[in-house]
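# Fold and contact review
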Amino acid sequence: MVIVILVGVVMKAFPIEINIEEVLHHINHEDDEQALLLLSPVVSKTPDDSLCGYLYANCLIRVGRFSDAIDFIKSQPRGAVYSDLLCLAYNLSGNESAEVELNISLARQRIKSRAYVVGVINKLMRKSSHRYNFICFELARDLTDAHPDFAIGWQLLARLAMYTDNWECAELSYLKLISIGEVNEALLNDYASLLARKTISS
């Protein structure tokens, strides 16, 4: 649907002759190799054309040419446009360290987007139960600094503070949740559990 909406814009954007409707037809019918053949001359002659480049990188990923997609995206003068595609290419190619590093960088750049940062934290926590706890803790702390009344951010920070044995931060996070009205049985149980663990560890 997004591709179809972009047709009019794309047709005006391409500086050299290309039948963009034919390209989109091939993409929509999963004939990505043919779409690549049509797009290749455009991306080689106009590397600053981000719309054409985005379609090209997307097709490379769809046909499994992950390394080519990564190399192409990194070569683009407006690489930020392709950041989400680059994350996908890293993920599908199995390059977890590069994917994680890029996700963290993007989350910090997009700290104003609460949903995006929460999504990155949850994604990293799903990848490993412990490996990324400290990184996620730092992101959650940045998130609550940027959005001091965002309850989900404080919930994540409280949980991650407990995972990293930062009892003081966890307690402050629960108290903040209570102060902004996020009081429920589950939260009170978690807070009681925290106090018990804090007592045992001291």
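Let me begin by describing the structure that accompanies this report. (Residues numbered from 1 in each chain as written. Predicted model: local features only at pLDDT ≥ 70, side-chain atom pairs only at ≥ 80, totals over all residues. Heavy atoms only, no water.)

### A word on the pattern of salt bridges
We count it as follows: For this analysis, a salt bridge means a side-chain nitrogen from Lys or Arg found within 4 Å of a carboxyl oxygen belonging to Asp or Glu. Strands are runs of DSSP state E lasting at least two residues, helices are runs of H or I lasting at least four, and both sets are numbered from the N terminus onward. Partly exposed residues are those whose accessible area sits between 20% and 50% of the maximum for their type, while under 20% is buried and over 50% is exposed, using a 1.4 Å probe and protein chains only.
Applying the stated criterion across every chain, the model contains 8 salt bridges. Two residues, Arg-62 and Asp-32, come together in a salt bridge whose shortest N-O distance is 2.8 Å. Note that Arg-62 is positioned in helix α5 (residues 50-62) and Asp-32 in helix α4 (residues 32-45), a separation of 30 residues in sequence. Residue Glu-99 is joined to Lys-127 by a salt bridge in which the shortest nitrogen-to-oxygen separation is 3.1 Å. One end of the pair, Glu-99, is in helix α8 (residues 96-109); the other, Lys-127, is in helix α9 (residues 114-127), and 28 residues separate them in sequence. Given the relative accessible area of 4%, Glu-99 is considered buried. Residue classification places Lys-127 among the partly exposed residues on the basis of a relative accessible area of 28%.

### Thoughts on the side chain of Gln-76
Stated formally: Throughout this description, a polar contact denotes any pair of N or O atoms lying within 3.5 Å of each other; where both atoms belong to protein, one of them has to be capable of donating a hydrogen while the other can accept it, and for residues adjacent in sequence the pair is counted only when both atoms sit in side chains.
By secondary structure assignment, the location of Gln-76 is in the loop between α6 (66-75) and α7 (83-93). By relative accessible area, Gln-76 is classed as buried at 10%. Side chain to side chain, Gln-76 and Ser-75 meet in a polar contact 3.1 Å long.

### A short note on helix α13 (residues 185-201)
Rules: Multiplying 1.5 Å by the helix residue count minus one yields the expected span of that helix. Relevant arc is that of directions from the helix axis to the C-beta atoms, nothing else.
With 17 residues, α13 extends 24 Å between its outermost C-alpha atoms, agreeing within 8% with the 24 Å of an ideal straight helix rising 1.5 Å per residue. Considered for burial, the residues of α13 that qualify are Leu-187, Tyr-191 and Leu-194. Buried residues of α13 fall within an arc of 55 degrees about the axis and therefore sit on the same side. Structural note: α13 exposes Glu-185, Thr-199 and Ile-200 on the side pointing more than 90 degrees away from its buried face. Measuring from the backbone nitrogen of Ala-186 back to the side-chain oxygen at the start of α13 gives 3.2 Å, which picks out Asn-184 as the cap.

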